[in-house]
Structure formats: structure tokens, C-alpha cells
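What the coordinates show
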Amino acid sequence: MDPLIWRVLPVLTALFAIIFLYIGRPNKSISGELSQCSLLPHDHFIIRSKRIISSDGVLDGSVEVKNGIIVSIVEGHGQALDNSPVHILDYGDAVVMPGLVDVHVHLNEPGRVEWEGFSTGTKAAAAGGVTTLIDMPLNSFPTVISEENLRLKLEAAKNKLHVDVGFWGGLVPSNAFNRSSLESLLDAGVLGLKSFMCPSGINDFPMTNVTHIKEGLHVLAKYRRPLLVHAEIQLDAEGNEDEAMSPDPTSYSTYLMTRPSSWEEAAIRELHRVAKDTKVGQRAEGASLHIVHLADSGKSLDIIKEAKESGASLSVETCPHYLAFSAEKINKGDTRFKCAPPIRDDENRKKLWQALKEGHIDMLSSDHSPSSPELKLFDQGDFLRAWGGISSLQFVLPVTWSHGKSFGITLNQLSTWWSERPARLAGLEFKGAISGGNHADIVVWDPDEEFALNEDYPSYHKHPNISPYMGMKLWGKVKATFVRGNLVFVEGKHTPAACGVTILAKK
Ligand SMILES: *[C@@H]1O[C@H](CO)[C@@H](O)[C@H](O)[C@H]1NC(C)=O
Ligand SMILES: *[C@@H]1O[C@H](CO)[C@@H](O)[C@H](O)[C@H]1NC(C)=O
Ligand SMILES: [Zn+2]
């Protein structure tokens, strides 16, 4: 052989090796971006598990994700995928479920970041398997009651979201009769409106009466979006004849008596009348009414059933704290448990579970409503003067599961209450289910793992200590969370960048 070849061959080999290696490597700029937005350096991969919660039930199989979208769900071991070069994440027995869609969250930014904020709130959401949340128009400052104020919210949210975030606008007396004001807020992309039938506790968010609610519904009809209502009407206290006996403000029962279930019942009775407008052929056809955080499983629920049966477009949510706690067990002065409507007795709690299982309550939401610890007045333990609101966002999945287990709930029910129906309420057509074409919003969690929420447990909320769940043991640990295919959380770790997006309704 020509000796020249012996001199050229090593050079050629080295050259080919370099070319081969270069081509074989992922594109540098893409992998750089992925490492900021995702803890997984692949945009095409397969999630495998023996327990995938799909609309067709629990599957043992594979979910294929490409560029943030679920492209296929294959039952069985998907041998066809075995030989593909696509990256495989095998989660074994862990549950692979649609990410939670929490339609009732108060992140309080701008204006009250010292209570929570987009960054801490969405980090906690990601760690809890909540892949989409809808932010309430209060308690931020200013409240989202105009297009201008929504713009301030969007500006404040920039580069801070670890999950996807949509927004409800506010219906208040000052905009209820101003159609163009409401329309510009809805045109700007709020997913629906929220109003209060009692004082909200926030000065720039006054309560609405039935006339305002009817006007709001009429505007919402055109957009086919919902009106969410805090359903309590303040009634005069019943027979407080013995004024000399001043009740103990550190006793939870004192607070409970100030907001009886008759308040909820009175409000829901009025909403039943208003809801007639949403029936086919009526003035607000296309709009819907949604009752937030139902606490009373008594007469209020009977009226809701009646309204639904009559053909009104009405839905209702309850929250984990009403399903987990009962008034009898709340300790003296423990204001972490204060919220409105209040947590009622244990019999009421059991009936809420029953109503949920029977389908009379449609969905769950956190009503995560934190404040600064100072406002909780821990040193005084005064239930009447402490700020109301339960901090819970990161823990709603294990809380629902831990308490629901004894009521025999299924994983598919969890997914219906926490993902499918809330996504439908908010009009999010590509979220809320593991199904082909949907966003790859997924939570991987282990229902059989117990953990203690002690001081060492990483809570990502701004003020972990104000949550009534701290100190408890829960079942169901979140292992991984994907938002549009980005692995945004694995136990103890978030992505460096906040790549969640704002969700705005299209005109
Ligand atoms: C209605 O709201 C718009 C802002 O969207 C404002 O310019 C206008 O003055 C308001 N109209 C009335 C009658 O208050
Ligand atoms: C609601 O308040 C408005 C004023 O903002 C008033 O015009 C209307 O009559 C009130 N409706 C009811 C039912 O009280
Ligand atoms: Zn709320």
C-alpha cells in the first residue's frame, strides 16, 4: 500500500470522528434554552407508568410528548417505542396524572407581594403538581377591575411564572353598569369575572348586589364566560340578647357563630333566581354562574341541586380545607384556620365529601389566600380580628388524597375534580386531561408515600408557617411536574428560569 495512506488515514479518521461527534450532539443553543426552562434536556420523550390517569381510565402504558404537546398515549408496553431513540422516563408504579388546574388562587401581586407573589406562589404550585392556576382579581393592589389594571398584573407577572397563569377580572358596582368598561376587560383576556355578595375585606373591591350580577352576566353571555360569586349575604345576628356575656374571640366557635350557614343559603337562594337568566332563550344565555368555595353542605346544596335540575347554567366548587378540617377540632387561638365562609362541623364535612362523590359539587379549588403572618395575629389568637384566608396551594393534592382515601375516592375522580372540570370552567381547551393534542401538563406522584410537613419540609410559599397543614402527615408525594413538556419541578428542585406563560382568553 502507498505509505501516503498511512499518513493520511489517522488524519481522516480524526476528521470523521470530529464531524460525527459534532452532528451527533444536540444543537447547542437549543439544549442551552432547555436547561433554563426544563430540567430534562429533551423536547421529545416518553413518560411511562403503570398508572396513567387518562379519560379512558387507568392505563399501564406510555405517553409520548413532543414539543410540549402530548402526541400519543399507548397502552401496554409500547414495543414500537422500545426501539426508538426517544428518551424514556419510566416512573414505574407512580401515578401519572393531568396537572392540577386551580381556578381559585390569590397571589396578591402587584401591591401585596409581602403576602405571596407570582414567584413564590407559582414555585409552590409547581412543587404541588398544579400546572395551571387562575389568579383572583383581589387581593392585589390595584384590583383587576379594568383593562388598565389587568395590564399592570401582566407586567408584574413577567419572568416570574413557574406554571401557566390565567386571570379572573372583577365585577364591582363601578363597572357593572358600564358595558364598555367590562367589555374592554374581557377583550383584554380575563377568563371570566368574579364578584362578592358580602364585603370582600378589600376597599377597592366593593360588594355587588343582584342587579350588578345580572348586568355582569348579560355582558358575559356574549363572551360565553363564567361569573364566579362569593356567595354569602350578611344577615343580622340572631338573638344576641345577653350583651353582658361577651364571647371569647380566641374560641373558634365564636367566629363560626358570626358567619352561620344561613348566610350562604341566603346568597345561593338569590343566585338561584338570577341563574334563570342563563337558561336557553333567556337574557344571559351563554354565560354561567359558578359558586366559589361552598362550605355549607346543608340547605345551600339543596338549592344548588334544584337550580341545576331547572336547566340553569350553574356550577360549584369546594376547597380542601372544608374537606379536611372540622370546627370541633380547631384549637383555641389557631387563626391559621380562619377563612370565609368558615370551616363548619364534622357532619357537614362528611356531607361535602358525599356531595362531591355524587356529582352535586363539580370541582375543587384551593382558594389559596395567604397574608403576612402579622395579620394572622398569632400572639393574640383573635379569630374575630385576624385576617381570614387559608394558605394551601402546594399541598392540595396530598390533602385531597389523604382525606379522600377514607371516603373511597378514585384517582380518576381526583383528576376530574382537580383538572378536567376546572379547565372547562376556565375555557382552557388544551388543558385538564392526558389526551392526544393537549398540552403536556402532567404531575407524577406517589399516592403510597407518606411525608411529614415539618419545618424541614421544603415549602415554597412566602410564609410557610401560616398554613394550617404545617405539622401534619400527608399521603401522596409529588415527584415531578411538567408544564407544556417542560420538566419544571423534580423533588426539591425547580428550573432556573420561570417559563410559565400568561393565559389570555381570545376574543
Ligand atoms: C366607562 O368606563 C370607561 C373606561 O373603560 C370610562 O372611560 C367611562 O367614563 C365610563 N363611563 C361611565 C358612564 O362611567
Ligand atoms: C344595586 O345597587 C345599585 C346601585 O349601584 C342600585 O341602582 C340597584 O337598585 C341595587 N339593586 C338592588 C336589588 O338593590
Ligand atoms: Zn378567594
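Residues numbered from 1 in each chain as written. Chains lettered and ligands numbered in written order. Predicted model: local features only at pLDDT ≥ 70, side-chain atom pairs only at ≥ 80, totals over all residues. Heavy atoms only, no water.

Some details on the sheet that holds strand S11 (residues 226-230)
Heads up, the condition is: Here, a strand pair is defined by DSSP locating no fewer than two bridges between the strands. In DSSP terms, a helix is any run of H or I states spanning at least four residues, a strand is any run of E spanning at least two, and both are numbered starting from the N terminus.
Reading across the sheet, the six strands line up as S9-S10-S11-S12-S13-S14 and stay open at both edges, with parallel pairing between neighbours. Edge positions in the open sheet fall to strand S9 (169-170) and strand S14 (363-364), since each of these has one partner strand only. Where strand S10 (residues 193-196) and S11 come together, four bridges link them in parallel fashion. Bridge pairing links lysine 194 to leucine 228 in S11.

Topic: the state of the cysteines
Short version of the rule: Cysteine sulfur atoms that pair up within 2.5 Å are treated as a disulfide. Each residue gets one of three labels from its accessible area relative to the maximum for its type: buried under 20%, exposed over 50%, partly exposed in between, using a 1.4 Å probe on protein chains only.
According to the stated counting rule, one finds one disulfide in the structure shown. In this model, cysteine 37 is linked to cysteine 499 through a disulfide, with the two sulfur atoms separated by 2.0 Å. Judged by the torsion about the S-S bond (-75°), the cysteine 37/cysteine 499 disulfide is left-handed. With cysteine 37 in helix H2 (residues 28-37) and cysteine 499 in the loop between strand S18 (493-494) and strand S19 (502-503), this pair connects stretches of sequence that are 462 residues apart. The exposure class of cysteine 37 is partly exposed, given its relative accessible area of 22%. For cysteine 499, a relative accessible area of 23% puts it in the partly exposed group. No disulfide involves cysteine 198; its sulfur sits 12 Å from that of cysteine 339, the nearest cysteine. Here cysteine 339 is not disulfide-linked; the sulfur of cysteine 319 is the nearest cysteine sulfur, at 7.9 Å. Cysteine 339 gets classed as buried once you look at its relative accessible area, which sits at 4%.

Here's the deal with the environment of leucine 377
As for its position among the elements, leucine 377 is in the loop between S14 and helix H14 (396-404). On the basis of relative accessible area, leucine 377 is assigned to the buried category, the value being 15%. A C-alpha to C-alpha distance of 9.1 Å links leucine 377 and glycine 333, two positions 44 residues apart in sequence.

Concerning the coordination of the zinc ion (ligand 3)
Where we set the bar: Water is absent from the atoms considered, so a metal site may look incomplete; donors are defined as N, O and S atoms within 2.8 Å of the metal, or 3.2 Å for Na, K and Ca.
For the zinc ion (ligand 3), the full set of protein donor atoms is His104 (NE2), His106 (NE2) and Asp367 (OD), at a range of 2.1 to 2.2 Å. All donors of the zinc ion (ligand 3) belong to a single chain; written as a sequence motif, their spacing is H-x1-H-x260-D. Here histidine 104 is found in strand S6 (residues 100-105), whereas its partner aspartate 367 is found in the loop between S14 and H14, with 263 residues between them in sequence. With respect to class, histidine 104 is no different from aspartate 367; both count as buried.

Re the nonpolar core
To keep it simple, the criterion reads: Only buried residues count toward a nonpolar core. Its members are Ala, Val, Leu, Ile, Met, Phe, Trp, Tyr and Cys residues joined through side-chain atoms within 4.5 Å. Any pair of residues with heavy atoms lying within 4.5 Å of one another is described as a contacting pair.
If you look at the biggest cluster of nonpolar residues, it comprises 103 residues, and the most contacted ones within it are Leu133, Leu193, Leu227, Leu289, Ile343 and Trp445. A total of six residues in this core trace back to one element, the largest contributor, which is helix H8 (residues 210-223). Once you skip the residues sitting within four places of it in the chain, isoleucine 343 turns out to touch Tyr252, Leu256, His321, Tyr322, Phe325, Ser326, Ala327, Ile330, Phe337 and Ile390. Counting 18 residues, the second-largest nonpolar core is a separate cluster that includes Leu40, Val65, Leu89 and Ile434.

A closer look at the sheet that holds strand S7 (residues 130-135)
Cut-off, in case you're wondering: Here an axis means a line fitted to C-alpha atoms, over the contact stretch when the element is a helix, while the angle between two N-to-C directions is reported on a 0 to 180 degree scale.
Here we have four strands laid out as an open sheet, ordered S6-S7-S8-S19, and parallel in their pairing. The open sheet has two edge strands, S6 and S19, and neither has a second partner. The pairing of strand S8 (residues 164-167) with S19 spans two bridges and is parallel. Following the sheet pairing, glycine 166 is matched in S19 by isoleucine 503. Its contacts with the sheet place helix H5 (residues 147-157) against S7, S8 and S19, and it is angled at close to 170° to S8.

Thoughts on helix H4 (residues 118-127)
Along H4, seven of the ten residues are buried, which leaves the element largely enclosed by surrounding structure. Turning to H4, its buried residues are Phe118, Gly121, Thr122, Ala124, Ala125, Ala126 and Ala127. Contacts from the buried residues of H4 go to S7, H5, S8, strand S16 (473-483), strand S17 (486-490) and S18. Where H4 terminates, the next one or two residues include glycine 129, which has phi positive at roughly 85°.

What about the pattern of salt bridges?
To keep it simple, the criterion reads: Each salt bridge in this description consists of a side-chain nitrogen of Lys or Arg and a carboxyl oxygen of Asp or Glu lying within 4 Å of one another.
According to the stated counting rule, one finds 26 salt bridges in the structure shown. Here glutamate 109 makes a salt bridge to lysine 160, at a shortest N to O gap of 2.6 Å. Within this pair, whereas glutamate 109 is found in the loop between S6 and H4, its partner lysine 160 is found in the loop between H5 and S8, the two being separated by 51 residues in sequence. Residue class for glutamate 109 comes out buried when judged on its relative accessible area of 7%. Take lysine 160: its relative accessible area is 28%, and that puts it in the partly exposed class. The closest approach of N and O atoms between lysine 158 and glutamate 155, which form a salt bridge, is 3.2 Å. What emerges from the salt-bridge pattern is a single network uniting Asp164, Lys431, Asp441 and Arg484.

A closer look at the packing of helix H7 (residues 179-187) against H8
The line we're drawing: Orientation labels follow simple angle bins: below 35 degrees gives roughly parallel, above 145 gives roughly antiparallel, 65 to 115 gives roughly perpendicular, and whatever is left gives oblique. With the far helix as reference, a near helix turned anticlockwise by less than a right angle produces a left-handed crossing, and one turned clockwise produces a right-handed crossing.
Put simply, H7 and H8 touch, their axes get as near as 10 Å, and they point 40° apart. What the angle tells us is that H7 and H8 run oblique. Viewed along their axes, H7 and H8 form a crossing whose handedness is right-handed. On the side of H7, the interface is formed by Arg179, Leu182, Glu183, Leu186 and Asp187, while H8 contributes Gly216, His218, Val219, Leu220, Lys222 and Tyr223.

Looking at the domain arrangement of the protein
Heads up, the condition is: All the domain ranges listed were derived from an automatic or database domain assignment. Summed over both partners, buried area is the accessible surface (1.4 Å probe) that two parts give up on being assembled.
Domain annotation for the protein reports domain 1 (45-93) and domain 2 (98-434 + 448-475). Relative placement of domain 1 and domain 2: their C-alpha centres are 34 Å apart. Between domain 1 and domain 2, the residue contacts involve ten residues of the former and seven residues of the latter. A combined buried area of about 670 Å² lies between domain 1 and domain 2, and 61% of that area is made up of carbon and sulfur atoms. Per-residue buried area on domain 1 facing domain 2 is highest for Arg51, Ile53 and Ile70; these three make up 60% of the total on that side. Along the contact surface separating domain 1 from domain 2 lie one salt bridge. Its salt-bridge partner being arginine 51, residue aspartate 448 comes within 3.2 Å of it at the nearest N-O pair. Put simply, the parts of the chain that give the side of domain 1 that touches domain 2 at least two residues each are strand S1 (44-54), strand S2 (57-66) and strand S3 (69-75). Ranked by residues supplied to the side of domain 1 that touches domain 2, first place goes to S1 with four residues.

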